[in-house]
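Listed below are the residues making up each chain.
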Amino acid sequence: MANEVLRGSTTVDALKVALQYGLVLKSSCSGVYKGRLVAQGFSQQPGLDFDDTFNHVVKPATIRTVLSISISRNWPIHQLDVKNAFLHGDLTETVYMRQPPGYVNSSFPDHVCRLRKVLYGLKQAPRAWYQRFAVYLSSLGFLSSKTDTSLFTYHRGSDTIYLLLYVDDIILTASSPTLISMVISQLSSKFPISDLGPLSFFLGIDASRSKSGLFLSQSAFAQEILARADMVSCNPCSTPADTKTKLDVDGEPVSDPTLYRSLAGALQYLTFTRPDISYAVQQVCLFMHDSRLPHLNALKRILRYLKGTLSHGLHIKVSAVDRLVAYSDADWVGCPNTRRSTSGFCVYLGDNLVSWSSKRQHVVSRSSAEAEYRGIANVVTEAAWLRNLLLELSCPLSRATVVFCDNVSAMYLASNPVQHQRTKHVEIDLHFVRERVTIGHVRVLHVPSVYQYADIFTKGLPSSLFLDFRDSLNIRVPPDQTTGVC
């Protein structure tokens, strides 16, 4: 009944019908609205209607690592889409719902329905879909990764397949096109799968492949952010953050805090391919709960920087994948209000940047050495995770991860079992860095500040230094398309 009512209706009429029947409207590419019955998940009670929930989204660092390996080995990369993914999940809990509009049994109008399958809107819908999908992949010989449960690997002799799952979007890469065709055929026999062809657009990211590698860009999304902020015609600037001022809690409140939070959240997603704005975005996101005019001005500076670099993106090039190199830095007592430091790091797999972070530390450090040491602990944690990920991807590393730091005292703390007055209060778990150094998984070395690429994640930099570090992060314009596509 619902579909019959909606068919042929105008947009306004369809909205009225949706409100009347409690439906959700979904627009198709042709502009026709379709009705979908959605369960009222907001009325579910934890422990009664559902137990565990799970959001099966693959980590960005996992995506970049897998893409880096695939590009370096010249493997084909495909993207797939699962139609109505959540509807394929099986319910293990007992869930009842009212009879849907238009399908009420006239003989038993007061009866309720017991659900056997998952509907959109249920709290357990993502978990049920993931379990159904993971069980089927297991029957095909895939193994679920322990470092990232949304990564599935298949290894048989020389045949290797990597499958990344992001809700209902799939990135599939394998050592040969035949393996990809085989997997698509097997998945299609179980679920309605759309083969979207070679990787070109996923999760709002444009992917352009050429002989020089894979170029990831979110230029269209950046343009949307500028339009939302009404800054399409703004004047560009050369850097996203000021080198002098630090944001604090002073200033007049912004007139539209909702717009501020919306723009800051959108910029967070833009950092997927734009690590050069990570520090500036992290700074404005610290004040989403109480945004002031100076914070808005800092956000607008980021948008002005994006205006001049809309075509820039992350370049993943052909490179050896046999080493991890990391850079770690900290801006001691960078926050003028809490006196906490800001940690930043970037990790390269070969020549490709696969992971980075800009984050304020949880506690106040009593010295610059302690702040830097905490930063090293953060990057060593990330490096240990990446080493385990590469091991599951059958790319084990034989060499130690090299961590570059520009603080000599922190370097000594990471390498020597020294305990003195300045480090008595440092948490014991931070000293796991020494264990990694001792067993040979990590080497902490000194690097001059002019080559400390992680500086871009901890503070505002002068234009010349910022542009130099930005290029070191593989942020650049798209490669020349006349070179051909492989």
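Anything mentioned here points back to the structure above.
What you see is a predicted model, and the numbers here were worked out from it, not measured in a lab.

Calculation notes
Residues numbered from 1 in each chain as written. Predicted model: local features only at pLDDT ≥ 70, side-chain atom pairs only at ≥ 80, totals over all residues. Heavy atoms only, no water. Salt bridge = Lys/Arg side-chain N within 4 Å of Asp/Glu carboxyl O. Helix = DSSP H or I, 4+ residues; strand = E, 2+ residues; numbered from the N terminus. Buried < 20%, exposed > 50% of the residue type's maximum accessible area, 1.4 Å probe, protein only. Core = buried A, V, L, I, M, F, W, Y, C linked by side-chain atoms within 4.5 Å. Contact = heavy atoms within 4.5 Å. Polar contact = N/O pair within 3.5 Å; in protein donor to acceptor, adjacent residues only side chain to side chain. Arc of directions from axis to C-beta. Pairing = 2+ DSSP bridges. Axes fitted to C-alpha atoms, helices over the stretch in contact; angles between N-to-C directions.

A. Representation of the pattern of salt bridges within the structure. Taken as a whole and assessed by the stated rule, the structure comprises eleven salt bridges. Between K459 and D329 there is a salt bridge, and its shortest N-O distance comes to 3.1 Å. In this pair, K459 sits in the loop between β19 (442-446) and α13 (463-472) while D329 sits in strand β15 (residues 324-331), placing the two residues 130 residues apart along the sequence. Since its relative accessible area comes to 24%, K459 is described here as partly exposed.

B. Molecular detail of unusual backbone geometry. The backbone of V167 sits at a positive phi, close to 60 degrees, despite the residue not being glycine. Considering the arrangement of structural elements, one finds V167 in the loop between β8 (159-166) and β9 (169-174). Unlike most non-glycine residues, R339 shows phi in positive territory, near 60 degrees. Tracing the sequence through the fold places R339 in the loop between β15 and β16 (342-349).

C. Structural detail: the nonpolar core. Counting residues in hydrophobic clusters, the biggest one holds 51 residues, and the most contacted among them are I63, L67, I69, L199, F202, L214 and L216. Per-element tally for this core: the top contributor is helix α10 (residues 368-392), with nine residues. Other than its neighbours up to four places away in sequence, L199 contacts L67, I77, H78, Q79, I171, A207 and L214. Ranked by size, the runner-up nonpolar core spans 49 residues in total, among them M231, A241, V284 and L353.

D. View of the side chain of S278. Structurally, the position occupied by S278 is in helix α8 (residues 278-285). The class for S278 is buried, based on a relative accessible area of 9%. A polar contact of 3.4 Å, which involves the side chain of S278, links it to the side chain of W356.

E. Structural view of the environment of Y451. Looking at the element boundaries, Y451 is found in the loop between β19 and α13. The exposure class assigned to Y451 is partly exposed, which follows from its relative accessible area of 49%. The residues contacting Y451, other than those within four sequence positions of it, are Y327 and F469.

F. A look at helix α6 (residues 219-228). Turning to α6, its buried residues are F221, A222, I225 and L226. The arc that holds the buried residues of α6, viewed along the axis, is 145 degrees, so those residues lie on one side. Residues of α6 that are buried in the fold lie against α7 (257-270) and α9 (293-308). Phi turns positive, to about 60 degrees, at D230, one or two residues after α6.

G. Summary view of the sheet that holds strand β20 (residues 475-476). Within the open sheet, the five strands sit side by side as β11-β12-β13-β14-β20. Their pairing is antiparallel. Among the strands making up the open sheet, the edge pair consists of β11 (201-202) and β20. Looking at chain direction, strand β13 (residues 213-217) and strand β14 (residues 313-317) are connected through four bridges and run antiparallel. Among the inter-strand pairings, L214 is bridged to a residue of β14, identified as I316. The strands touched by helix α3 (residues 60-72) are β11, β12 (205-210), β13 and β14; relative to β14, the strand with the most contacts, the crossing angle is about 45 degrees.

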